Every structure is written in structure tokens, then in C-alpha cells.
Amino acid sequence: MALFNKLKTVGKTLGKTAGGIADSISSNMAEANSLAVEKIKISKLESEKKGLDNEINLAYMQIGKKFVEVAIETNEIQDIGVMDILQMLDPKLSRKRELEKEIIEIEKKIKDQQIIQEKSKINQEYELEKEKLEKALSMDIITRNEYDEKLSLISKKIDNFEEIRRIEKQYEMGIISLKEKEDKIKKLI
């Protein structure tokens, strides 16, 4: 009878694991699509911003050209009559600032989504490891102390998620070496 109960527990665990994996895959696909859409938005906004930069630079060149022409003709610096150019520039400069703000907001949104994805992945790994440990515990492969010890180690990754992520970003930016990164993370886990 005990063997039947253990087999029943293993069957339930496998069913939960398969369902969790399927949910995880569909969730990850939806998040990936969302990130792709946001990156396309950024690309479009940056393209529009680049076009505005070109138009603004042309206007600056026109102002400079008029300034030099008037200065050469009169041998003095005076009003060069560029108000029409400045009026044309005003909405373009305003739009450029709006685009820069939009780009920053979308980049923040992407970063937040990536953090959520990373947290979700760690939580999924935790759940899978927990299920594996529960299975091993129910089959008397490990003791309760071993189960608690291994689960505690996995929990530390979740508890220190933000700090671990910060350390990894420091390494990516070249602020710390690989050895420093490994040492810092080892202290947290």
C-alpha cells in the first residue's frame, strides 16, 4: 500500500510539473512578444528623432550661414533675421524632447518586464527544484534535513534576487571582474 501511495504522489508531482512547464512556456512567449513590440516602438521613435535631428542641424547651418554672410557684408555682428527659422525650430525641438522622454519611458518598461521575467524564471526554477526535492523526500531518497537545507539554498537566490542582479550588471558593465562577481554572489547564496 505504501508503494501505491508513493507512486500516486510521484504521478501528481509529474502532472503538476508538466502543467507548470506549459504555463511557463506560454507566459514566456507572451512576455517575449511584448518586449519585441516595445523594442519596435523604440526603434520607430529613435528613427523619428534622428530625422528631427537632421532637420534641426540643417536649420542651425542656415542660421550660421546667414550670420557669417551678414558679418562679412557689414563687418559687424547684428540681427541677422532668423526669427522664421527659429519659429520653425521650436516645434521640432519640442517634439525631440517628447521623443526622448517616450524612449526613456519605454526603456524603463522593457527593463521592468525583463526584471519580472527574471523573477518569474527564478520562481519557476524554485518550484521545479522544490517538486524534485519533495519527490525525493517522499521516496525516502533524502532526509527532511537535506530537503530543508537544499530548499533553503534555493530560497536565498529568490531572497537576494535584486542584489544578485545588481552584481551581475556591475560585471556586465566592466565595473567588477568575474572573480569578484562570483565571490560576491557566493556570499549571498
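See the structure printed just above.
Scoring rules and cut-offs
- Residues numbered from 1 in each chain as written.
- Predicted model: local features only at pLDDT ≥ 70, side-chain atom pairs only at ≥ 80, totals over all residues.
- Heavy atoms only, no water.
- Salt bridge = Lys/Arg side-chain N within 4 Å of Asp/Glu carboxyl O.
- Buried < 20%, exposed > 50% of the residue type's maximum accessible area, 1.4 Å probe, protein only.
- Axes fitted to C-alpha atoms, helices over the stretch in contact; angles between N-to-C directions.
- Helix = DSSP H or I, 4+ residues; strand = E, 2+ residues; numbered from the N terminus.
- Parallel < 35°, antiparallel > 145°, perpendicular 65-115°, else oblique.
- Contact = heavy atoms within 4.5 Å.
- Nonpolar A, V, L, I, M, F, W, Y, C, P; charged D, E, K, R; others polar.
- Expected span 1.5 Å × (residues − 1).
- Left-handed = near helix turned anticlockwise from the far one by under 90°.

Notes on the pattern of salt bridges
The tally for this structure, following the rule as stated, stands at 16 salt bridges. For Arg-95, the salt bridge is made with Glu-102, and the minimal N-O distance between the two is 3.3 Å. Judged by relative accessible area, Arg-95 falls into the partly exposed class, the value being 24%. A single salt-bridge network, built from bridges that share partners, covers Glu-48, Arg-95, Glu-98 and Glu-102.

Description of the packing of helix α4 (residues 161-172) against helix α5 (residues 178-188)
With their axes 9 Å apart at the nearest point, α4 and α5 run at an angle of 175 degrees to one another. It follows that α4 is roughly antiparallel to α5 by the angle criterion. Contact residues: α4 offers Glu-163, Ile-164, Ile-167, Glu-168, Gln-170 and Tyr-171, while α5 offers Leu-178, Lys-181, Lys-184, Ile-185 and Leu-188. Tallied by class, residues from the contact of α4 with α5 come to 6 nonpolar, 1 polar and 4 charged.

Remarks on helix α3 (residues 144-159)
With 16 residues, α3 should cover 22 Å at 1.5 Å per step; its first-to-last C-alpha distance of 22 Å lies within 8% of that length. Against the buried residues of α3 lie α2 (83-138).

Things to note about α2
Because each turn of an α-helix spans 3.6 residues, side chains separated by three or four positions in sequence point in the same direction. Between its first and last C-alpha atoms α2 spans 82 Å; for 56 residues at 1.5 Å apiece the expected length is 82 Å, and the two agree. Asp-140, located one to two residues past α2, shows a positive phi value of around 60 degrees.

Comments concerning the packing of α2 against α4
Each pair of packed helices can be described by the angle between their axes along with the distance between the axes. Interaxial distance between α2 and α4 falls to 12 Å at its minimum, and their mutual angle equals 120 degrees. Taken together, the axes of α2 and α4 are oblique relative to one another. The handedness of the crossing between α2 and α4 comes out as right-handed. Along the contact surface, α2 presents Lys-111, Ile-115, Glu-118, Lys-119 and Ile-122, while α4 presents Phe-161, Glu-162 and Arg-165. Along the lines of polarity and charge, the residues of the contact of α2 with α4 split into 3 nonpolar, no polar and 5 charged.

What to know about the environment of Ile-142
The topology assignment puts Ile-142 in the loop between α2 and α3. For Ile-142, a relative accessible area of 15% puts it in the buried group. With residues near it in sequence (within four places) discarded, Ile-142 still touches Leu-133, Ala-136, Leu-137 and Tyr-147.

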